Amino acid sequence: MDYSVKEDYAAEQDKLDALSHFKNEFYIRDGWYYMDGNSLGLLSKRAENSLLTSLEDWKQHGIDGWMDGREPWFYYSEKLGKMTAPLIGSKVRETIVTGSITTNLHQMISSFYKPDGKKTKILADELTFPSDIYAVKSQLELKGYDPATDLVQVKSRDGLTLREEDIIAAMADDVALILLPSVLYRSGQLLDMKLLTEEAHKRGIIIGFDLAHSIGAIPHHLHNWDVDFAVWCNYKYLNSGPGGVGGLFVHERHLGRKPGLAGWFGSKKEKQFDMEHTMTHADTAGAFQIGTPHIFSLAPLLGSLEIFEEAGIENIRAKSLKLTNYMMHLIEVSLAEFGFTISNPAVDHSRGGHVCLQHEEAARICKALKKNGVIPDFRAPNVIRLAPVALYTSFQDVWDTVQILKTIMEEEQYKQFEKGRNVVA
Ligand SMILES: *Cc1c(COP(=O)(O)O)cnc(C)c1O
């Protein structure tokens, strides 16, 4: 693309942007350039309203809110699963909104990891999010295996990205299950889920993905790709609020499989209140629910998903790619002298929704950015992540962000701050 480095280009692009009006639906503080929607998305008015609806249902109906509220709580997780399906390319019955990434990973691994003979290993990667690895290790230990030998972590050649060929080479005969991120949380690399699934299945290996950094940013075709399972959170690109309930996908082929961790909300809906001690599982992904859903942490997702329905995930992805491209371009031309490295993949098909900048002063630069209204996030030791989220970021915001960063570097403003990260970074 031919990017002018003049500010006019941003204004022109904003005029052409068919998604620009969605920005008005979000609460964005004056003077804020919010580039952290990949950690915690912003509140929209519609998400606020759907939460208020459930509070009102409680006020009006008490216990009867389960069936008689405006959004009956008993079917809420299923309803939200249905609304999520288009974002991940699943059938309605393959998706449920429940749990968190980590608890859903425990559920998925305990349901899908069936060590058999010499097929005992779990394959992951050395760059993934720590919680995913903690879950895998504890699941191995629960089954009497030793993570030191039965967890294989594919190595990165550059410390930030993975090669699909290296992952495929590690798909050995003794691997029972593979867990990978769709998008790596630091570098923003998007893995080829279709290819990896094909290669895993050729070798008789179950494969699942953690969609934390792709859901709401990138289209998926999990059903057609034949992915076995997936998990995600809804509080990053899906803007459902801090601690918002997550989600999981189980391919139709596996429905009917007994959940590793059972609980009464996994029952067939009509059977649940029979209160029998022998469980009748739902024949949908709903079977993998455990206990009572956290209604007030589910409810904001309803309003938020309506926005995604209207905007269309393909349009969101197209704008996101333009925004990250534009940001990378401006950084290259305006910040060349200040020692930044752009470490996310440059090509569209391998790039997620955020830009990953490395700089030895990353921690202090992030503090200076915040002081100036730009909300980035920092990942130790030297990564600044900037996510220009398509639904509420304009091209002008990207321009302004890079200009602010340039001023911080020119004036060495970051030197006023302490080195090191805060407790929550
Ligand atoms: C955000 C994130 C998590 C967080 O898991 P929770 O159970 O929701 O706290 C886990 N894994 C990845 C890859 C993430 O990006």
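Residues numbered from 1 in each chain as written. Predicted model: local features only at pLDDT ≥ 70, side-chain atom pairs only at ≥ 80, totals over all residues. Heavy atoms only, no water.

## Quick word on the site of the ligand
Around the ligand lies a shell formed by Ser100, Ile101, Thr102, Phe129, Asp132, Asp210, Ala212, His213, Tyr235 and Lys236. His213 is positioned such that a nitrogen or oxygen atom in its side chain is 3.1 Å from an oxygen atom of the ligand. The separation between an oxygen atom of the ligand and a polar side-chain atom of Lys236 is 2.5 Å. Compared with its free state, where it exposes 390 Å², the ligand has 85% of that area covered by protein. Taken together, the residues that form the shell around the ligand break down as 4 nonpolar, 3 polar and 3 charged. (Near = heavy atom within 4 Å. Polar contact = N/O pair within 3.5 Å; in protein donor to acceptor, adjacent residues only side chain to side chain. Areas by Shrake-Rupley, 256 points an atom, 1.4 Å probe, with all protein chains shown as cover. Nonpolar A, V, L, I, M, F, W, Y, C, P; charged D, E, K, R; others polar.)

## A short note on the sheet that holds strand S4 (residues 151-154)
The 7 strands are arranged S2-S8-S7-S6-S5-S3-S4 in an open sheet whose pairing can be described as mixed. Only two strands of the sheet have a single neighbouring strand rather than two, namely strand S2 (95-97) and S4. The sheet shows a mean angle of 15 degrees between the axes of neighbouring strands, taken without regard to direction. Relative to strand S5 (residues 175-181), strand S3 (residues 121-125) is paired through 3 bridges, and the arrangement is parallel. Note on S5: the bridge partner recorded for Leu123 is Ile178. (Pairing = 2+ DSSP bridges. Helix = DSSP H or I, 4+ residues; strand = E, 2+ residues; numbered from the N terminus. Axes fitted to C-alpha atoms, helices over the stretch in contact; angles between N-to-C directions.)

## Some words on the domain arrangement of the protein chain
Split by domain assignment, the protein chain resolves into domain 1 (7-30 + 313-409) and domain 2 (49-310). Inter-centroid distance (C-alpha atoms) of domain 1 to domain 2 is 29 Å. At the interface, 28 residues of domain 1 touch 21 residues of domain 2. Between domain 1 and domain 2, a total of about 2,000 Å² is buried, with carbon and sulfur atoms accounting for 62% of that surface. The interface formed by domain 1 and domain 2 includes 0 salt bridges. In this assembly, domain 1 and domain 2 are joined by 7 residue pairs in polar contact (both at pLDDT 80 or more). For the side of domain 1 that touches domain 2, the secondary structure elements donating two or more residues are helix H12 (313-334), strand S10 (355-358) and strand S13 (383-386). In terms of residues, the side of domain 1 that touches domain 2 owes the most to one element, H12, which gives 4 residues. (Domains from an automatic or database assignment. Contact = heavy atoms within 4.5 Å. Buried area = accessible area lost by both parts, 1.4 Å probe. Salt bridge = Lys/Arg side-chain N within 4 Å of Asp/Glu carboxyl O.)

## Overview of helix H1 (residues 7-16)
For H1, every residue scored as buried is listed here: Tyr9, Ala10, Gln13 and Asp14. Looking down the long axis of H1, one finds its buried residues gathered within 135 degrees of arc, a one-sided arrangement. Facing away from the buried side of H1 by over 90 degrees, the exposed positions are Lys15 and Leu16. Structurally, H1 contributes buried residues whose contacts are with H12 and helix H14 (395-410). (Buried < 20%, exposed > 50% of the residue type's maximum accessible area, 1.4 Å probe, protein only. Arc of directions from axis to C-beta.)

## Remarks on the packing of aromatic side chains
Enumeration according to the criterion identifies 16 aromatic pairs in this entry. Between Phe26 and Tyr392, the ring centres sit 4.9 Å apart and the planes meet at 55 degrees, which makes this aromatic pair tilted. Here Tyr392 lies in the loop between S13 and H14 and Phe26 lies in the loop between H1 and strand S1 (33-34), a separation of 366 residues in the sequence. Judged on exposure class, the residue Phe26 and its partner Tyr392 are both buried. Among the aromatic residues, ring-to-ring pairing joins Trp66, Trp73, Phe74, Tyr75, Trp264, Phe265 and Phe273 into one connected group. (Phe/Tyr/Trp six-rings, centres within 6.5 Å; stacked < 30°, edge-to-face > 60°.)

## Section: the environment of Pro219
The topology assignment puts Pro219 in the loop between strand S6 (206-210) and helix H10 (222-225). The sequence separation of Pro219 and Gly312 amounts to 93 residues, and the corresponding C-alpha distance is 9.4 Å. What Pro219 contacts, discounting residues up to four positions off in sequence, is Leu87, Trp225, Ile313, Glu314 and Arg317.

## Comments concerning the sheet that holds strand S9 (residues 341-342)
Pairing within the open sheet is antiparallel, and its 4 strands lie in the order S9-S10-S13-S12. Of all the strands in the sheet, the pair left with one neighbour each is S9 and strand S12 (377-379).

## Quick look at the nonpolar core
Residues Leu80, Met171, Ile178, Leu196, Leu211 and Leu391 are the most contacted members of the largest nonpolar core, which totals 62 residues. In terms of residue count, helix H11 (residues 295-311) provides more of this core than any other element does, 9 residues in total. When residues are assigned to domains, this core turns out to be shared by domain 1 (7-30 + 313-409) and domain 2 (49-310), each giving three or more. Once residues lying within four places of it in the same chain are set aside, the contact partners of Leu211 are Ile88, Ser182, Met193, His220, Leu222, Ala230, Val231 and Trp232. (Core = buried A, V, L, I, M, F, W, Y, C linked by side-chain atoms within 4.5 Å.)

## Re the packing of helix H13 (residues 362-371) against H14
Packed helix pairs are specified by the crossing angle of their axes together with the interaxial distance, meaning the distance between the axes. Following both chains from N to C, one finds H13 and H14 inclined at 120 degrees, their axes separated by 10 Å at the closest point. It follows from the interaxial angle that H13 and H14 lie oblique. You can see that H13 and H14 cross each other, and the crossing is right-handed. Note on element contacts: H14 touches H13 through Ile404, Leu405, Ile408 and Met409, opposite Ile365, Ala368 and Leu369. (Parallel < 35°, antiparallel > 145°, perpendicular 65-115°, else oblique. Left-handed = near helix turned anticlockwise from the far one by under 90°.)

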